[in-house]
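Here's the letter readout for the chains.
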Amino acid sequence: MEQDAHVHEVVEAIGNSRTVFWDAVTRFMDDHWDIITNEDARRWNHLVNSSFDQLITDFTEQYQNLMISRLSSQQELILELGCPVISIADNVGILPLIGTIDTRRARVILDTVPENCVSKRITSLVIDLSGVPIVDTMVAQQLYTLSQTLFLLGIKTVFSGIRPDVAQTSIQLGLDFSEYQTYGTLEQALASMGVRCIIEEI
């Protein structure tokens, strides 16, 4: 299992083992035909086949659990890579979010971003939403929670790149971004933090 065995190879091996085992049983029955009844033969046939069938079932179940576990770990890694905290200047970082933010991704963001900011000694973070197509109630709440968590860690948070359609949708949903310091572009947000030399190089 740990050596990435192919399912069809293992099932084929189990099938071959079943054949070999049953051949041994039939030879035994042939050698002792005078004392073995038809009921014995039926009972042994059922026992052998049910045992090997159960072995195949147990193997495929364990294999599926292993694949699900690996897939889950890979998805978690992909999600973490999808919310990178990039240090661009002394104590200033960017969190560029791209794509849809669902509940699972939001949880990863909340779990990893504060820790990454602390480890990189970031005191000012720009969360850029220019690549996020939808900001709904759940996303807005998660962003608020993230900003509050960062505030408690002494990290100033500003937002950039909220597109007009996203802003309109937010208003229609009754979301209030007035508590956040927001900028139309990432460059504007960085300029507010005095990171002008970086802007010229981007």
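All of these numbers come straight from a predicted model, not from anything done at the bench. Counting restarts for each chain: residues are numbered from 1 in the order of the written sequence. Totals for whole chains, interfaces and linings use all residues, but because this is a predicted model, local features are given only for residues with pLDDT of at least 70 and pairs of side-chain atoms are given and counted only at 80 or more. As a convention, hydrogens and water are excluded, and side-chain values are obtained from all of the structure's heavy atoms.

K.L.:
Quick question: what am I supposed to make of the packing of helix α3 (residues 103–119) against helix α4 (residues 137–152) here?
P.N.:
Between two packed helices, both the angle of their axes relative to each other and the distance between the axes serve to describe the pair. A fitted line through C-alpha atoms represents every axis, and for helices the fit uses only the stretch in contact; the resulting angles, taken between N-to-C directions, go from 0 to 180 degrees. Secondary structure elements follow DSSP: runs of H or I of four or more residues count as helices, runs of E of two or more count as strands, with numbering from the N terminus. At a closest axis distance of 10 Å, the pairing of α3 and α4 adopts a crossing angle of 15 degrees. Compared by their axis directions, α3 and α4 come out roughly parallel. As α3 runs across α4, the sense of the crossing is right-handed. In contact with Thr103, Ala106, Ile109, Leu110, Val113, Pro114 and Cys117 of α3, α4 contributes Met138, Gln142, Thr145, Leu146, Thr149 and Leu150. In these notes the angle categories are as follows: under 35 degrees is roughly parallel, over 145 is roughly antiparallel, 65 to 115 is roughly perpendicular, and the rest is oblique. Helix crossings are classified by the rotation of the near helix relative to the far one: an anticlockwise turn of less than a right angle makes the crossing left-handed, while a clockwise turn makes it right-handed. The contact definition used throughout considers only heavy atoms, calling two residues in contact when any of these lie within 4.5 Å.

K.L.:
Please clarify how the side chain of Thr112 should be interpreted in this entry.
P.N.:
By the element assignment, Thr112 lies in helix α3. Among the polar contacts made by the side chain of Thr112, one reaches the main-chain carbonyl oxygen of Val108 at a distance of 2.8 Å. The definition of a polar contact used here is a pair of N or O atoms within 3.5 Å, where within protein one atom must be able to donate a hydrogen and the other to accept one, and adjacent residues in sequence count solely through side-chain atom pairs.

K.L.:
When you look at α3 in this model, what are you seeing that I'm missing?
P.N.:
The α-helix winds at 3.6 residues per turn, so residues separated by three or four positions along the chain end up facing the same way. Given the number of residues in a helix, its expected span is that number minus one, multiplied by 1.5 Å. Spanning 17 residues, α3 covers 25 Å between terminal C-alpha atoms, matching the ideal 24 Å at 1.5 Å per step. Most pronounced at Thr112, the bend in α3 amounts to some 25 degrees, and the proline Pro114 follows within four residues. For every residue, the accessible area obtained with a 1.4 Å probe (protein chains only) is divided by the maximum for its type, and the residue is called buried under 20%, exposed over 50%, and partly exposed between those limits. Looking at α3, one finds that the buried residues are Arg105, Ala106, Val108, Ile109, Thr112, Val113, Pro114 and Cys117. In the stretch just after α3, Arg121 is the one whose phi turns positive, near 60 degrees. A residue's bend is the angle separating two fitted axes: one through the seven residues that end there, the other through the seven that start there.

K.L.:
Please clarify how the sheet that holds strand β2 (residues 92–98) should be interpreted in this entry.
P.N.:
Where strands meet in a sheet, backbone hydrogen bonds hold them as pairs that are either parallel or antiparallel. DSSP bridges decide pairing: two strands pair if at least two such bridges lie between them. One open sheet holds the five strands; their spatial order is β1-β2-β3-β4-β5, and the pairing between them is mixed. Looking at which strands have only one partner, the edges of the open sheet turn out to be β1 (86–89) and β5 (182–183). Bridge count for strand β4 (residues 156–160) against β5 is two bridges, and the pairing is parallel. What sits directly across from Phe159, in β5, is Thr182. Set on the sheet, α3 makes contact with β2 and β3 (124–131); between it and β2 the angle comes to about 165 degrees.

K.L.:
Would you explain the nonpolar core in this entry?
P.N.:
As a rule of thumb, soluble globular proteins bury nonpolar side chains together. The definition of a nonpolar core used throughout is a set of buried Ala, Val, Leu, Ile, Met, Phe, Trp, Tyr and Cys residues joined through side-chain atoms within 4.5 Å. In this structure, Leu95, Leu97, Val113, Cys117, Leu125 and Ile127 are the most contacted members of the largest nonpolar core, which totals 25 residues. Every element with two or more residues in this core is listed here: β2, α3, β3 and α4. Excluding its chain neighbours within four sequence positions, the residues that come into contact with Leu125 are Val85, Gly93, Ile94, Leu95, Val113, Cys117, Leu150, Ile155, Lys156, Thr157, Val158 and Met193. Core analysis: the second largest hydrophobic core is formed by nine residues, Ile14, Ile36, Val48 and Phe59 among them.

K.L.:
Would you explain helix α1 (residues 7–31) in this entry?
P.N.:
Taking 1.5 Å as the rise per residue, α1 with 25 residues should run 36 Å; its terminal C-alpha atoms sit 36 Å apart, in good agreement. Where α1 is concerned, the buried positions are Val10, Ile14, Arg18, Val25 and Met29.

K.L.:
Please clarify how the pairing of β4 should be interpreted in this entry.
P.N.:
In regular strands, side chains alternate between the two faces of the sheet. Burial analysis of β4 places four of its five residues in the buried class, the great majority of the element. Of the pairings in the sheet, the one linking β3 to β4 comprises five bridges and is parallel in character. Its bridge partner being in β4, Val126 is matched across the sheet by Val158. Assessed by its sense of winding, the connection that carries the chain from β3 through α4 to β4 is right-handed. A crossover gets the label right-handed when its path from the first strand over the helix to the second runs clockwise, viewed with the strands pointing away from the viewer.

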